[in-house]
Amino acid sequence: MKQALRHAALAIVLAGGAAMPALAAEKPDMAELKGEAREIIQGFFKELKGTLVSAMKEKGPAGAVDVCNTKAQEITAKHNAKGWQVGRTALKLRNPKNAPDAWEKAVLEEFEKKIAEGADPKKLVKAEIVEENGRKVFRLMKAIPTMKPCLNCHGEKVSEDVLAVIRKHYPQDQATGFRLGQLRGAFTLKKPLN
Ligand code: HEC
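No experiment lies behind these values; they were computed from the predicted model shown.

Enquirer: Outline the sheet that holds strand 1 (residues 85–89), supporting the account with residue identities and numerical values.
Expert: Within the open sheet, the 4 strands sit side by side as 1-4-3-2. Their pairing is antiparallel. The sheet is open, and its two borders are formed by strand 1 and strand 2 (125–132), each paired with just one other strand. The sheet shows a mean angle of 20° between the axes of neighbouring strands, taken without regard to direction. Where strand 2 lies against strand 3 (residues 135–145), 8 bridges are found, and the strand directions are antiparallel. Paired with Ile-129 across the strands is Phe-138, a residue of strand 3. Each of strand 1, strand 2, strand 3 and strand 4 (183–192) is contacted by helix 2 (residues 30–78), which is oriented at about 135° to strand 4, the strand it contacts most.

Enquirer: Any details on the pattern of salt bridges? Residues and values, ideally.
Expert: Inspection of every chain in the model, using the stated rule, returns 13 salt bridges. Salt-bridge contacts for Glu-36 lead to Lys-191; the nearest nitrogen and oxygen are separated by 3.3 Å. One end of the pair, Glu-36, is in helix 2; the other, Lys-191, is in strand 4, and 155 residues separate them in sequence. For Glu-36, a relative accessible area of 26% translates into the label partly exposed. A salt bridge links Lys-78 to Glu-47, with the nearest nitrogen and oxygen atoms 2.7 Å apart. Residue Lys-78 is classed as exposed on the basis of its relative accessible area of 56%. The class of Glu-47 is partly exposed, set by a relative accessible area of 24%. Each member of the salt-bridge network shares a partner with another, and the members are Asp-101, Glu-104, Glu-132, Arg-139 and Lys-190.

How each quantity is defined
Position numbers for residues start from 1 in each chain and track the written sequence from start to end. Side-chain atom pairs in this predicted model are given and counted only at pLDDT of 80 or more, local residue features only at pLDDT of at least 70, and totals for whole chains, interfaces and linings cover all residues. As a convention, hydrogens and water are excluded, and side-chain values are obtained from all of the structure's heavy atoms. In this analysis, strands are considered paired if DSSP registers two or more bridges between them. Helix and strand assignments follow DSSP, with helices taken as H or I runs no shorter than four residues and strands as E runs no shorter than two, numbered in order from the N terminus. Note on method: axes are straight lines fitted to C-alpha atoms, helices fitted across the in-contact stretch only, with angles between N-to-C directions ranging 0 to 180 degrees. Contacts: residue pairs with any heavy atoms within 4.5 Å of one another. Any Lys or Arg side-chain nitrogen located within 4 Å of an Asp or Glu carboxyl oxygen qualifies as a salt bridge. The buried label goes to any residue with under 20% of its type's maximum accessible area, the exposed label to any with over 50%, and the partly exposed label to all in between, with areas taken from a 1.4 Å probe on protein chains only.

Any functional reading would require information beyond the geometric quantities listed.
The following block contains the structure:
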């Protein structure tokens, strides 16, 4: 009797276990995925900002470029978790490793268009389920506006000593000349669903 019950319980667990991923793939919970993405972005942004602020205080903007150069990619990799892939991208790049793919490029262009039409860049988010190599993938991007401290390294009047360090690490840098409030780039996240 006990044995039979155990078998029945096992059968239910197995059936449930097998059915759940299929259900999840058919009906992904967009609100839940967006919530997870928002949390990851918050943690990622907090750590990037904290690292940047303390580097600027300790070493000034030129020294902080060195810190960004070694830490930015490391911090990015650290925030990949639970099936999520996390990054930053932009149309005008500093690090070519952050180059957008076709979907990201289209979203960045859409953000630019919306900002030109008066949208607040702080509120721009795009979420979509796309098909990649026969696989459903949840993708989300959140716009990053240019704020005041960013101008030290991305603005129109970056000082010579800062530019020198930027050129040393990023000989193909395109990420200066930004004005306050302009779109600097975006956070980009994806999670395969099945
Ligand atoms: C001390 C100089 C410095 C400051 C200040 C700074 N950045 Fe950057 N930024 C960098 C460097 C260096 C990189 C390249 C990091 C890497 O190698 O991935 C970068 C990369 C980026 C990227 C990734 C896309 C790309 O072009 O490679 C974004 C987005 C970005 N910065 C946004 C900002 C924003 C927004 C601010 C203000 C809150 C800011 N940055 C402030 C130096 C700086």
